[in-house]
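One-letter residues, chain by chain:
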Amino acid sequence: MHTDTPAVSLTWTDKFLVGYEPFDDTHREFVEIVDALLKVPESELLAHLYKLIQHSEAHFAQEEHYMETTAFPARECHANEHAGVLNSMREVAQYVEGGGEAGEIRRLSVALADWFPGHTDYLDASLAQWVAKKQLGAVPIVVRRGVANHSDEA
């Protein structure tokens, strides 16, 4: 199976902003790495997957640190999702290292590109608001360029 031409991409958009700069910066990097996984030649997939695993370990640990130190109510659910995603990444890396089809990394990348927007919208945005409220006493205002405001849609 030839998988060098991806069917999807993951490109940063202001829709992904959560309004808390440490998270937004980390999310930009996640998007860049996943998008690269969707585009690199098959011979480079495993190396890029390891880069994603290393990034995700630090990325998820950062968020989980904030969850623990601020007593975020949904931390168990959020951390469990992180653990599941990391487990999938590691299993795919192990499969490919063991001689499995490298195209499985591309399939994982497509799944991550599908997963990320919802995870960011529902779990990371609420965590960002919680952390900002705990640290600053107010929730962040997120300005998204080129994204329709819900009140503009009526």
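Residues numbered from 1 in each chain as written. Predicted model: local features only at pLDDT ≥ 70, side-chain atom pairs only at ≥ 80, totals over all residues. Heavy atoms only, no water.

**Student:** Honestly, the pattern of salt bridges in this entry has me stumped. Any pointers?
**Tutor:** Any two side chains of opposite charge can pair, given that their charged atoms come close. One pass over the full model with this rule turns up six salt bridges. For the salt bridge of aspartate 35 with lysine 39, the shortest nitrogen-to-oxygen distance reads 2.7 Å. Placement of the pair is aspartate 35 and lysine 39 together in helix 1 (residues 21-39), with a separation of four residues, close to one helical turn. Judged by relative accessible area, lysine 39 falls into the partly exposed class, the value being 46%. Notably, a salt bridge pairs arginine 75 with glutamate 68, separated by 3.4 Å at the nearest N-O pair. Judged by its relative accessible area of 53%, glutamate 68 falls in the exposed class. Salt bridges here are not isolated pairs; linked through shared partners, they connect Glu101, Glu104 and Arg107. (Salt bridge = Lys/Arg side-chain N within 4 Å of Asp/Glu carboxyl O. Helix = DSSP H or I, 4+ residues; strand = E, 2+ residues; numbered from the N terminus. Buried < 20%, exposed > 50% of the residue type's maximum accessible area, 1.4 Å probe, protein only.)

**Student:** Explain the nonpolar core here, please?
**Tutor:** As a rule of thumb, soluble globular proteins bury nonpolar side chains together. Judged by nonpolar contacts, the single largest core of 27 residues is most densely connected at Val34, Leu49, Leu52, Met89 and Leu112. Within the residue set of this core, elements represented by two or more residues are helix 1, helix 2 (45-69), helix 3 (75-97) and helix 4 (103-136). When residues no more than four places from it in sequence are discounted, the contact partners of leucine 52 are Phe30, Ile33, Val34, Leu37, Met89 and Leu112. In this structure, Tyr20, Tyr66, Leu127 and Ala132 belong to the second largest nonpolar core, which totals 11 residues. (Core = buried A, V, L, I, M, F, W, Y, C linked by side-chain atoms within 4.5 Å. Contact = heavy atoms within 4.5 Å.)

**Student:** I keep staring at the confidence of the model for the protein chain and nothing clicks. Help me out?
**Tutor:** When pLDDT is low, close inspection of the predicted coordinates is not appropriate. When pLDDT is averaged along the protein chain, the result is 88, and 84% of the positions lie at 70 or above. For the stretch residues 150-154, pLDDT sits under 50, and the model shows one contact to residues farther than four places along the chain or on other chains. (pLDDT = per-residue confidence, 0-100.)

**Student:** Please explain unusual backbone geometry as it appears in this structure.
**Tutor:** Phi at alanine 71 is positive, roughly 55°, even though this residue is not glycine. Positionally, alanine 71 belongs in the loop between helix 2 and helix 3.

**Student:** How should I be thinking about the packing of aromatic side chains in this particular structure?
**Tutor:** Considering all chains together, one arrives at nine aromatic pairs under this definition. Seen in terms of ring centroids, tyrosine 20 and phenylalanine 23 are 5.1 Å apart; in terms of plane orientation they differ by 70°. Their pairing is edge-to-face. Put simply, the rings of Trp12, Phe16, Phe30, Phe60, Trp115 and Phe116 touch in pairs and so form one group of aromatic residues. (Phe/Tyr/Trp six-rings, centres within 6.5 Å; stacked < 30°, edge-to-face > 60°.)

**Student:** I keep staring at the packing of helix 2 against helix 4 and nothing clicks. Help me out?
**Tutor:** Helices that pack against each other are described as a pair by the angle of their axes relative to one another and the distance between those axes. Closest axis-to-axis distance for the helix 2/helix 4 pair is 11 Å, and the angle between their directions is 20°. Overall, the two elements helix 2 and helix 4 adopt an arrangement that is roughly parallel. Our pair here, helix 2 against helix 4, has a crossing hand that is left-handed. For the pair helix 2 and helix 4, contact is made by Leu45, Leu46, Leu49, Leu52, Phe60, Glu63, Tyr66 and Met67 and by Ile105, Arg106, Leu108, Leu112, Trp115, His119, Asp124, Leu127, Val131 and Gln135, respectively. Residues belonging to the contact of helix 2 with helix 4 are distributed by class as follows: 13 nonpolar, two polar and three charged. (Axes fitted to C-alpha atoms, helices over the stretch in contact; angles between N-to-C directions. Parallel < 35°, antiparallel > 145°, perpendicular 65-115°, else oblique. Left-handed = near helix turned anticlockwise from the far one by under 90°. Nonpolar A, V, L, I, M, F, W, Y, C, P; charged D, E, K, R; others polar.)

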